[in-house]
Amino acid sequence: MGKASYVKKILDDYCVLDTETTGLSAYYDEIIEIGMLKIRNGKIVEMYSQLIEPENEIDPFITELTGISNEMVAGMPHIEETQTAIMNFIGQDVIVGHNISFDIRFLNAAFNDAIDNEYMDTMQFSRKLFPELKHHRLSDMAELLKLTNNEHRALADCVTTHELYECIKNIMRKKQLDISDLWVLTGHNTI
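Quantities reported herein were computed from a predicted structural model and do not represent experimental measurements.

Engineer: Hey, could you run me through the overall build of the protein chain in this one?
Structural biologist: Scanning the protein chain for helices and strands turns up 8 helices and 6 strands. Scanning the protein chain from its N terminus toward the C terminus, one meets helices and strands in the order β-β-β-β-α-α-α-β-α-β-α-α-α-α. Taken against the 2.2 N^0.38 rule, which gives 16 Å for 191 residues, the C-alpha radius of gyration of the protein chain at 16 Å falls within 12% of a compact globule. Once the C-alpha set of the protein chain is aligned to its principal axes, its extents read approximately 50 × 35 × 30 Å. Considering only contacts within the protein chain whose residues lie at least 6 apart along the sequence, 67% involve residues at least 24 apart. Of the roughly 9900 Å² of accessible surface on the protein chain, 49% is carried by carbon and sulfur atoms. When the 17 basic and 31 acidic side-chain charges of the protein chain are each reduced to a single mean position, those positions are 12 Å apart.

As structure tokens, then:
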């Protein structure tokens, strides 16, 4: 595998990805859940959701935040056992997520390899379209745009992220905005 590259595109076919983790460090913490959606023509056509058993116990704070307990992940596959299924689901799709570099870092560390798919971050689009907002968390965007409420569960956050990206595309279309209107074109990582 090579190295993933960040892109900014308007797409109808893509893969939405989200993880829940035991903390913020891809080196010290672990993935405890992964969710993915396969999108074709802007619609969800397939879903993937898997709880992951970490090597270490889940902290009570994380259980409180996500609702994922040590009992729920007991006996679930370890992350390395899911690599083939995850990579097959993603295929060659562009990966879309909210603060997606976080998830990519965790997967790269867990798989001891680099995902080489292109990826896009709906948080970056949100910052460009709504610069007046103090925060651009998924929950902030869901509230502002009346999207499905995210629940700090991977698949639910994927649904919210999909809705957000589709909403962003609609806003851009209505305002007749192109990618170049949001970002100055500077080389190979933009369209």
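Resuming the write-up.
Engineer: Please clarify how the sheet that holds strand S2 (residues 14-21) should be interpreted in this entry.
Structural biologist: Consider a sheet: its strands pair through backbone hydrogen bonds, and that pairing is either parallel or antiparallel. Strand order in this open sheet of 6 strands is S1-S6-S5-S2-S3-S4, and the pairing throughout is mixed. The open sheet has two edge strands with one neighbour each: strand S1 (5-6) and strand S4 (43-51). In terms of strand pairing, S2 meets strand S3 (residues 31-40) through 8 bridges, oriented antiparallel. For Val16, the partnering residue across the bridge sits in S3 and is Leu37. Strand contacts of helix H4 (residues 100-111): S2, S3, strand S5 (95-97) and strand S6 (118-121), with the helix running at about 75° to S2, the strand carrying the most contacts.

Engineer: Could you clarify how one ought to interpret the packing of helix H5 (residues 122-129) against helix H7 (residues 154-174) in this entry?
Structural biologist: A pair of packed helices is characterised by two quantities: the angle between their axes and the separation of those axes. Interhelical geometry of H5 versus H7 gives an angle of 35° and a closest axis separation of 10 Å. Seen from above, H5 lies across H7 with left-handed handedness. Contacts between H5 and H7 pair Thr122, Phe125, Ser126 and Leu129 from the former with Thr161, Leu164, Tyr165, Ile168, Ile171 and Met172 from the latter.

Engineer: In this structure, what is going on with the nonpolar core? I would like to understand it.
Structural biologist: Grouped burial of nonpolar side chains is what soluble globular proteins tend to show. Among the nonpolar cores identified, the biggest contains 28 residues, and Tyr14, Met120, Phe125, Leu129, Leu145, Leu164 and Met172 are the most heavily contacted of them. Going through the elements one at a time, S2, S3, H5, helix H6 (138-145), H7 and helix H8 (179-182) are the ones with two or more residues in this core. Take this core: its biggest share by element is 8 residues, from H7. What Phe125 contacts, discounting residues up to four positions off in sequence, is Lys8, Lys9, Ile10, Met120, Ile168, Met172, Ile179, Leu182 and Trp183. Within the second largest apolar cluster, 23 residues are counted, among which are Ala26, Met87, Phe102 and Leu107.

Engineer: How should the environment of Ser180 be read in this particular structure?
Structural biologist: Within the fold, Ser180 resides in helix H8. Placed 120 residues apart in sequence, Ser180 and Pro60 show a C-alpha to C-alpha distance of 44 Å.

Engineer: Any chance you could explain the pattern of salt bridges here in plain terms?
Structural biologist: Pairing is possible between side chains of opposite charge, provided their charged atoms come close. The tally for this structure, following the rule as stated, stands at 7 salt bridges. Of the charged contacts in the structure, one is a salt bridge between Lys38 and Asp93, with a shortest N-O distance of 3.9 Å. With Lys38 in strand S3 and Asp93 in the loop between helix H3 (83-90) and S5, this pair connects stretches of sequence that are 55 residues apart. Put simply, Asp93 and Arg40 hold a salt bridge, and the shortest N to O gap is 3.1 Å. Of this pair, Asp93 sits in the loop between H3 and S5 while Arg40 sits in strand S3, placing them 53 residues apart in sequence. Judged by relative accessible area, Asp93 falls into the buried class, the value being 11%. Using a relative accessible area of 26% as the deciding quantity, one classes Arg40 as partly exposed.

Engineer: Please explain H7 as it appears in this structure.
Structural biologist: Given 3.6 residues per helical turn, the α-helix brings residues three or four places apart onto the same face. When the terminal C-alpha atoms of H7 are compared, their 30 Å separation across 21 residues agrees well with the 30 Å that a helix rising 1.5 Å per residue should span. In terms of burial, H7 is a largely internal element, 16 of the 21 residues being buried.

Parameters at a glance
Residues numbered from 1 in each chain as written. Predicted model: local features only at pLDDT ≥ 70, side-chain atom pairs only at ≥ 80, totals over all residues. Heavy atoms only, no water. Helix = DSSP H or I, 4+ residues; strand = E, 2+ residues; numbered from the N terminus. Rg over C-alpha atoms; globule rule 2.2 N^0.38 Å. Contact = heavy atoms within 4.5 Å. Areas by Shrake-Rupley, 256 points an atom, 1.4 Å probe, with all protein chains shown as cover. Lys, Arg positive; Asp, Glu negative; His and termini not counted. Charge placed at Lys NZ, Arg CZ, Asp CG, Glu CD. Pairing = 2+ DSSP bridges. Axes fitted to C-alpha atoms, helices over the stretch in contact; angles between N-to-C directions. Left-handed = near helix turned anticlockwise from the far one by under 90°. Core = buried A, V, L, I, M, F, W, Y, C linked by side-chain atoms within 4.5 Å. Buried < 20%, exposed > 50% of the residue type's maximum accessible area, 1.4 Å probe, protein only. Salt bridge = Lys/Arg side-chain N within 4 Å of Asp/Glu carboxyl O. Expected span 1.5 Å × (residues − 1).

That's the geometry; what it means functionally is another story.
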